[in-house]
Amino acid sequence: MNTMQQNTAIQDQPAVAEAKAEADPMPQPPASPEPDACCHSGCTYCVDDLYQDELDNYRAALAAWRARHGLG
């Protein structure tokens, strides 16, 4: 690779990273339930439990996304 090709490759790196980020956007955290959303009646599918499940899924998706993007 000659110097001009190297310079072009270096200049294209941010554009490639940006295109990759657009094609694979960072996961967004789930919306937390309102403070009074739980009725404290012991529901089988409590909103707080469902939120915790969504939060666990988000954390796993974020960790996978960070690994794909070399962010540890």
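Refer to the structure presented above.
Residues numbered from 1 in each chain as written. Predicted model: local features only at pLDDT ≥ 70, side-chain atom pairs only at ≥ 80, totals over all residues. Heavy atoms only, no water.

### A look at the overall build of the protein
Spelled out, the test is: To qualify as a helix, a DSSP run of H or I must reach at least 4 residues; to qualify as a strand, a run of E must reach at least 2; elements of each kind are numbered from the N terminus. Only the protein chains shown count as cover for residues, and the accessible areas themselves come from Shrake-Rupley with a 1.4 Å probe.
Secondary structure assignment for the protein yields two helices and zero strands. Accessible area of the protein: about 5800 Å², with a carbon and sulfur share of 55%.

### Overview of a negative patch on the surface
The condition that has to hold: Within this analysis, patches are made of residues with over 30% relative accessible area and no salt bridge. Like charges are joined at 9 Å or less; nonpolar side chains (Val, Leu, Ile, Met, Phe, Trp, Tyr) at 5 Å or less. One speaks of a salt bridge when a side-chain nitrogen belonging to Lys or Arg is within 4 Å of a carboxyl oxygen belonging to Asp or Glu. The positive count covers Lys and Arg only, the negative count covers Asp and Glu only, and His and the chain ends enter neither. Each charge is placed at NZ for Lys, CZ for Arg, CG for Asp and CD for Glu.
A cluster of acidic residues, Asp48, Asp49, Asp53 and Glu54, forms a negative patch at the surface. Its place among the elements puts Asp48 in helix α2 (residues 47-68).

### Considerations on the environment of Arg59
Quick note on the threshold: Throughout, exposure labels follow a simple rule: accessible area from a 1.4 Å probe, protein chains only, divided by the maximum for the residue type, with under 20% read as buried, over 50% as exposed, and the rest as partly exposed.
Examined against the element boundaries, Arg59 turns out to sit in helix α2. A residue is classified by how much of its surface remains accessible, and Arg59, at 48% relative accessible area, is partly exposed. Sequence spacing of Arg59 and Gln28 is 31 residues, and the spatial spacing of their C-alpha atoms is 9.5 Å.

### Describing the environment of Asp56
Within the element layout of this structure, Asp56 appears in helix α2. Considered as a pair, Asp56 and Pro30 are 26 residues apart in the sequence and their alpha carbons are 9.9 Å apart.

### Focus: the side chain of Asp24
Stated formally: Throughout this description, a polar contact denotes any pair of N or O atoms lying within 3.5 Å of each other; where both atoms belong to protein, one of them has to be capable of donating a hydrogen while the other can accept it, and for residues adjacent in sequence the pair is counted only when both atoms sit in side chains. Between two residues, a contact is recorded if the distance between any of their heavy atoms is within 4.5 Å.
For Asp24, the position within the fold is in the loop between α1 (3-23) and α2. A polar side-chain atom of Asp24 sits 2.8 Å from a polar atom in the side chain of Arg68. What Asp24 contacts, discounting residues up to four positions off in sequence, is Trp65, Arg68 and His69.

### Brief notes about unusual backbone geometry
Most peptide bonds take the trans configuration, and most residues that are not glycine carry a negative phi. In this structure, His40 takes a positive phi of about 60° despite not being glycine. Of note, His40 is situated in the loop between α1 and α2.

### Remarks on the pattern of salt bridges
Summed over all chains, the structure comprises two salt bridges. The shortest N-O distance in the salt bridge between Asp24 and Arg68 comes to 2.8 Å. With Asp24 in the loop between α1 and α2 and Arg68 in helix α2, this residue pair connects regions lying 44 residues apart in the sequence. Look at Arg68 and you get partly exposed, because its relative accessible area is 42%. For Asp56, the salt bridge is made with Arg59, and the minimal N-O distance between the two is 4.0 Å. Residue Asp56 and its partner Arg59 are located together in helix α2, separated by three residues, close to a single helical turn.

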